[in-house]
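# Working through the structure, step by step
So the chains spell out like this:
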Amino acid sequence: MKIWLIAAVCAFALAGCSSEYSITTTNGQLLTSEGNPRLDKDTGMSEFTDSEGREQQIPQSNIKQMLER
């Protein structure tokens, strides 16, 4: 029983560490990511999971602003 309590507390703590980011593109589109977007240096694409759980990619040159929410 004690192990389940510790596991639940750890899972809750890790879920609280996840941040959302608002990404504004150069054409004015507003995107929301779950967690910090990752830059693929080989392709120049920023990769992230959107608010609906889909993997997305956008060229780094199309990002105007990225703010943590």
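## Description of the side chain of Ser46
Tracing the sequence through the fold places Ser46 in strand S3 (residues 45-50). Ser46 sits in the buried class, given a relative accessible area of 2%. When residues no more than four places from it in sequence are discounted, the contact partners of Ser46 are Pro37, Arg38, Leu39, Gln56, Gln57, Ile58, Gln60 and Ile63.

## Some remarks on the nonpolar core
Formed by Ile23, Leu31, Phe48, Ile58 and Ile63, the largest nonpolar core amounts to five residues. With near-sequence residues (within four places) excluded, Ile63 lies in contact with Ile23, Thr24, Thr25, Thr26, Ser46 and Ile58.

## Focus: the environment of Leu31
Relative to the helices and strands, Leu31 resides in strand S2 (residues 30-40). Taking C-alpha positions, Leu31 is 9.4 Å from Met66, a pair spaced 35 residues apart along the chain. In this structure, Leu31 is in contact with Tyr21, Ser22, Ile23, Thr25, Phe48 and Ile58, ignoring residues within four places of it in sequence.

## Brief notes about the environment of Arg54
Along the polypeptide, Arg54 turns up in the loop between S3 and strand S4 (55-59). Accessibility expressed as a relative area gives 45% for Arg54, which makes it partly exposed. Spatially, the C-alpha atoms of Arg54 and Ser33 are 9.6 Å apart, while their sequence positions differ by 21 residues. With residues near it in sequence (within four places) discarded, Arg54 still touches Phe48 and Thr49. Polar contacts involving the side chain of Arg54 include one to the side chain of Glu52, which spans 2.9 Å.

## Some remarks on the confidence of the model for the protein chain
Of all residues in the protein chain, 75% have pLDDT values of 70 or greater, and the mean over the chain is 85. Looking across the protein chain, the model is least confident in helix H1 (residues 2-17), with a mean pLDDT of 57, and most confident in S4, with 96.

## Some words on the pattern of salt bridges
Per the counting criterion, the structure on display carries four salt bridges. The salt bridge partner of Glu20 is Arg69, with a shortest N-O separation of 3.7 Å. Highlighted residues: Glu20 in strand S1 (residues 20-25) and Arg69 in the segment after strand S5 (63-68), separated in sequence by 49 residues. Among the residues examined, Glu20 registers a relative accessible area of 28% and is labelled partly exposed.

The rules behind these values
Residues numbered from 1 in each chain as written. Predicted model: local features only at pLDDT ≥ 70, side-chain atom pairs only at ≥ 80, totals over all residues. Heavy atoms only, no water. Helix = DSSP H or I, 4+ residues; strand = E, 2+ residues; numbered from the N terminus. Buried < 20%, exposed > 50% of the residue type's maximum accessible area, 1.4 Å probe, protein only. Contact = heavy atoms within 4.5 Å. Core = buried A, V, L, I, M, F, W, Y, C linked by side-chain atoms within 4.5 Å. Polar contact = N/O pair within 3.5 Å; in protein donor to acceptor, adjacent residues only side chain to side chain. pLDDT = per-residue confidence, 0-100. Salt bridge = Lys/Arg side-chain N within 4 Å of Asp/Glu carboxyl O.

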